[in-house]
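Results of the structural survey
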Amino acid sequence: MSKQWYIIHTYSGHEEKAMRALLDRAKAAGKEDMFDEVLIPKETVVEIVKGQRKTTKRKFFPGYILVRMDLDDETWHIVRGTPKITGFVGGDKKPPAISEEEVARMTQQIQEGAAKPKPKIAFEEGENVRVTSGPFANFSGFIDEVMEDKEKLRVMVHVFGRATPVVLDYTNVEKA
């Protein structure tokens, strides 16, 4: 039998514990060779916390893990009997496997997220913001244009009673 990928539902927020518990149960049962990989799909995000730029990990699919394994009655019972795991996705007795291409697409997203972190805060045109740093600190204005690819905003800041366009990084503004 060749190993295939399966999606397993866990308690949300307990993916790491479920992964460790699954691997420990497999080892205790002497079936660790039946389990190849366990993935928790995550992406890297950038957020501003108390004025500081902070990079964190965010799960793509909270409450789910991917497992590459040989599925038989024993391994099925190992998965089903693991604490923090509620079961397989897609079928209770004979769950469907997901394709290698699908897993490759997810891991590609993970690698892209690690290379270029996404901002956690989303901005929209017309939204009111306050500039937090730079020469226009404490000025207020509204977003005229969002440049997502560059993580910049064109903000119309009121200076001497006139709206002046200023291009700022996501990290230099906060929602008003």
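The present account deals with the structure reproduced in this document. Residue numbers restart at each chain and count upward from 1, following the sequence in its written direction. Two thresholds apply to this predicted model, a pLDDT of at least 70 for residue-level local features and 80 or more for giving and counting side-chain atom pairs, whereas whole-chain, interface and lining totals are computed over all residues. Remark: hydrogens and water are excluded; side-chain values derive from all non-hydrogen atoms of the structure.

What follows is about the overall build of the protein. In DSSP terms, a helix is any run of H or I states spanning at least four residues, a strand is any run of E spanning at least two, and both are numbered starting from the N terminus. The secondary structure content of the protein amounts to 3 helices and 12 strands. Here the C-alpha coordinates of the protein stretch approximately 75 × 30 × 25 Å along the principal axes. Of all 176 residues assigned to the protein, the portion counted as buried reaches 34%. Contact between two residues is taken to exist if any of their heavy atoms lie within 4.5 Å; hydrogens are not considered. In the protein, of all internal contacts separated by at least 6 residues, the share reaching a separation of at least 24 is 58%. Of the roughly 10,600 Å² of accessible surface on the protein, a fraction of 50% belongs to carbon and sulfur atoms. Note on charges: Lys and Arg go in the positive column, Asp and Glu in the negative column, and His and the chain ends are not counted at all. Every charge is mapped onto a representative atom, which is NZ of Lys, CZ of Arg, CG of Asp or CD of Glu. Positive and negative side-chain charges of the protein, numbering 28 and 28 respectively, have mean locations separated by a distance of 5 Å. Using a 1.4 Å probe on the protein chains alone, a residue whose accessible area is under 20% of its type maximum counts as buried, one over 50% counts as exposed, and one in between counts as partly exposed. A 1.4 Å probe and the Shrake-Rupley method give the accessible areas. Residues count as covered only by the protein chains that appear here.

This part is about helix H1 (residues 15-28). Counted at 1.5 Å a residue, the expected span for H1 with its 14 residues is 20 Å, and the 20 Å between its end C-alpha atoms agrees. For H1, the set of buried residues is Glu15, Ala18, Met19, Ala21, Leu22 and Ala26. Along the long axis of H1, the arc covered by the buried residues comes to 165°, so they all point the same way. Residues of H1 that are exposed and point over 90 degrees away from its buried face: Asp24, Lys27 and Ala28. Expected span, for any helix, means 1.5 Å times one less than how many residues it has. In this description, one arc is meant: the one made by directions from the helix axis to the C-beta atoms.

With that settled, the discussion passes to the packing of aromatic side chains. When we look at a pair of aromatic rings, we describe it by the centre distance and by the angle of the planes. What counts as a ring pair is set by centres within 6.5 Å for rings of Phe, Tyr and Trp (its six-membered ring), and what kind of pair is set by the plane angle: stacked under 30 degrees, edge-to-face over 60, tilted for all other angles. In the structure shown here, the tally under the stated rule is 4 aromatic pairs. We call a charge positioned above a ring when the Lys NZ or Arg CZ atom is no farther than 6 Å from the ring centre and deviates by at most 35 degrees from the ring normal. For the cation-ring pair, Lys175 lies above Phe123, with the distance from its terminal atom to the ring centre recorded as 6.0 Å.

Residues qualify for a patch when their relative accessible area is over 30% and they have no salt bridge, like charges being joined within 9 Å and the nonpolar side chains of Val, Leu, Ile, Met, Phe, Trp and Tyr within 5 Å. In the sections that follow, a salt bridge refers to a side-chain nitrogen of Lys or Arg positioned within 4 Å of a carboxyl oxygen of Asp or Glu. Together, Phe61, Tyr64 and Val89 make up a nonpolar patch on the protein surface, roughly 230 Å² of accessible area in all. Inspection of the secondary structure puts Tyr64 in strand S5 (residues 64-69). The class of Tyr64 is partly exposed, set by a relative accessible area of 32%.

It is worth spelling out the packing of H1 against helix H2 (residues 73-80) at this point. Remark: H1 packs on H2, axes separated minimally by 9 Å, with the N-to-C direction vectors making an angle of 140°. As the angle between them shows, H1 and H2 are arranged oblique. Two packed elements cross with a definite hand, and for H1 against H2 that hand is right-handed. For the pair H1 and H2, the contacting residues are Leu22, Arg25 and Ala26 in the first and His77, Ile78 and Val79 in the second. Only Asp, Glu, Lys and Arg are considered charged in this grouping, and only Ala, Val, Leu, Ile, Met, Phe, Trp, Tyr, Cys and Pro are considered nonpolar; every other residue, Gly among them, is considered polar. Residue composition of the contact of H1 with H2, grouped by class: 4 nonpolar, 1 polar and 1 charged. Note on geometry: axes are C-alpha line fits, over the in-contact stretch for helices, and angles between N-to-C directions span 0 to 180 degrees. Here the word oblique covers every angle except those under 35 degrees (roughly parallel), over 145 (roughly antiparallel) and from 65 to 115 (roughly perpendicular). Two helices cross in a left-handed way if the nearer one is turned anticlockwise from the farther one by less than a right angle. They cross in a right-handed way if the turn is clockwise.

With that settled, consider H2. Where H2 is concerned, the buried positions are Thr75, Trp76, Ile78 and Val79. Down the axis of H2, the smallest arc covering the buried residues is 160°, so these residues share one side.

Our focus in this paragraph is the sheet that holds strand S10 (residues 152-159). Strand order across the open sheet formed by 5 strands is S11-S10-S9-S8-S12, with antiparallel pairing between neighbours. This sheet does not close on itself; its edge strands, each paired only once, are strand S11 (162-169) and strand S12 (173-175). Here the strands of the sheet are splayed against their neighbours by 40° on average, with no regard to which way each runs. Strands qualify as paired when DSSP identifies two bridges or more between them. Relative to strand S9 (residues 140-147), strand S8 (residues 128-131) runs antiparallel, the two sharing 3 bridges. Of the residues in S9, the one forming a bridge with Asn128 is Phe142.

In this section: the sheet that holds strand S1 (residues 4-10). The strand order across the open sheet formed by 4 strands is S2-S5-S1-S6, and the pairing between neighbours is antiparallel. In the strand order of this sheet, the two ends are held by strand S2 (35-39) and strand S6 (85-88), each with one partner. Each strand axis lies, on average, 30° off the axis of its neighbour in the sheet, ignoring direction. Relative to S5, S2 is paired through 4 bridges, and the arrangement is antiparallel. Paired with Leu39 across the strands is Leu66, a residue of S5. Of the strands in this sheet, S1, S2, S5 and S6 are in contact with H2, which crosses S6 at around 145°.

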